[in-house]
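# Examination of the molecular architecture
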Amino acid sequence: MSKRAIYIPILYNSHLDPIKLRVVCSGLEEEGVPFLLQGREDQKNYIELGADAAAMSPLQVGIGIDQEGKVCVHHEKLKQETPYLEDTLQNARSMGQNAARLVKGLPLSL
């Protein structure tokens, strides 16, 4: 994707079952916000992955997912150790929706 493209990056541990990623993507798709999936071989945790994703995002918002299924939504302007939202893949759809709502300026869904 070009630097001018609008998307939310999702950085995930490449050992995570790809089927589990589908739920996060569904939440973003429901809100109509494009995303970019990128697997990582490094051993970063979900918060570090989320911070990296936010730093590379043209929207300043990114999602990180670790091998254990912990997920966070991060914003580039927050401290690395303090994600905007964090949860598990059991609530991944709402994490995707809320990442999209954050960039759209809409209230978060509960």
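Reference entry: report on the structure contained in this document.

How each quantity is defined
- Residues numbered from 1 in each chain as written.
- Predicted model: local features only at pLDDT ≥ 70, side-chain atom pairs only at ≥ 80, totals over all residues.
- Heavy atoms only, no water.
- Helix = DSSP H or I, 4+ residues; strand = E, 2+ residues; numbered from the N terminus.
- Expected span 1.5 Å × (residues − 1).
- Bend = angle between axes of the 7 residues up to and from the residue.
- Buried < 20%, exposed > 50% of the residue type's maximum accessible area, 1.4 Å probe, protein only.
- Contact = heavy atoms within 4.5 Å.
- Polar contact = N/O pair within 3.5 Å; in protein donor to acceptor, adjacent residues only side chain to side chain.
- Salt bridge = Lys/Arg side-chain N within 4 Å of Asp/Glu carboxyl O.
- Patch = residues over 30% accessible without salt bridge, like charges linked within 9 Å, V, L, I, M, F, W, Y side chains within 5 Å.
- Areas by Shrake-Rupley, 256 points an atom, 1.4 Å probe, with all protein chains shown as cover.

Time to look at helix α1 (residues 18–31). Compared with an ideal rise of 1.5 Å per residue, which puts 14 residues at 20 Å, α1 spans 21 Å between its outermost C-alpha atoms and is within 8% of the ideal. By the largest-angle criterion, V24 marks the main kink of α1, which is about 25°. Among the residues making up α1, those that are buried are L21, V24, C25, S26, G27, L28 and E31. Against β1 (8–13), β2 (35–40), β3 (61–65) and α3 (92–104) lie the buried residues of α1. N-capping of α1 is provided by D17, with a side-chain oxygen placed 3.1 Å from the backbone N of I19. Just downstream of α1, G32 is the residue with a positive phi angle, here 75°.

Looking now at the pattern of salt bridges. In the structure shown here, the tally under the stated rule is seven salt bridges. Here D42 ties to R40 by a salt bridge, and the two come within 3.9 Å at their closest N and O atoms. For D42, a relative accessible area of 28% gives the class partly exposed. A salt bridge links D52 to K44; the nearest nitrogen and oxygen atoms lie 2.5 Å apart. D52 gets classed as partly exposed once you look at its relative accessible area, which sits at 21%. Judged by its relative accessible area of 30%, K44 falls in the partly exposed class. In the salt-bridge network here, residues are joined through shared partners; they are R40, D42, K44 and D52.

Side chains of L78, Y84 and L108 sit close together on the surface and give an oily, nonpolar patch of about 230 Å² of accessible area. Position of L108 relative to the elements: it lies in the segment after α3. L108 sits in the partly exposed class, given a relative accessible area of 33%.

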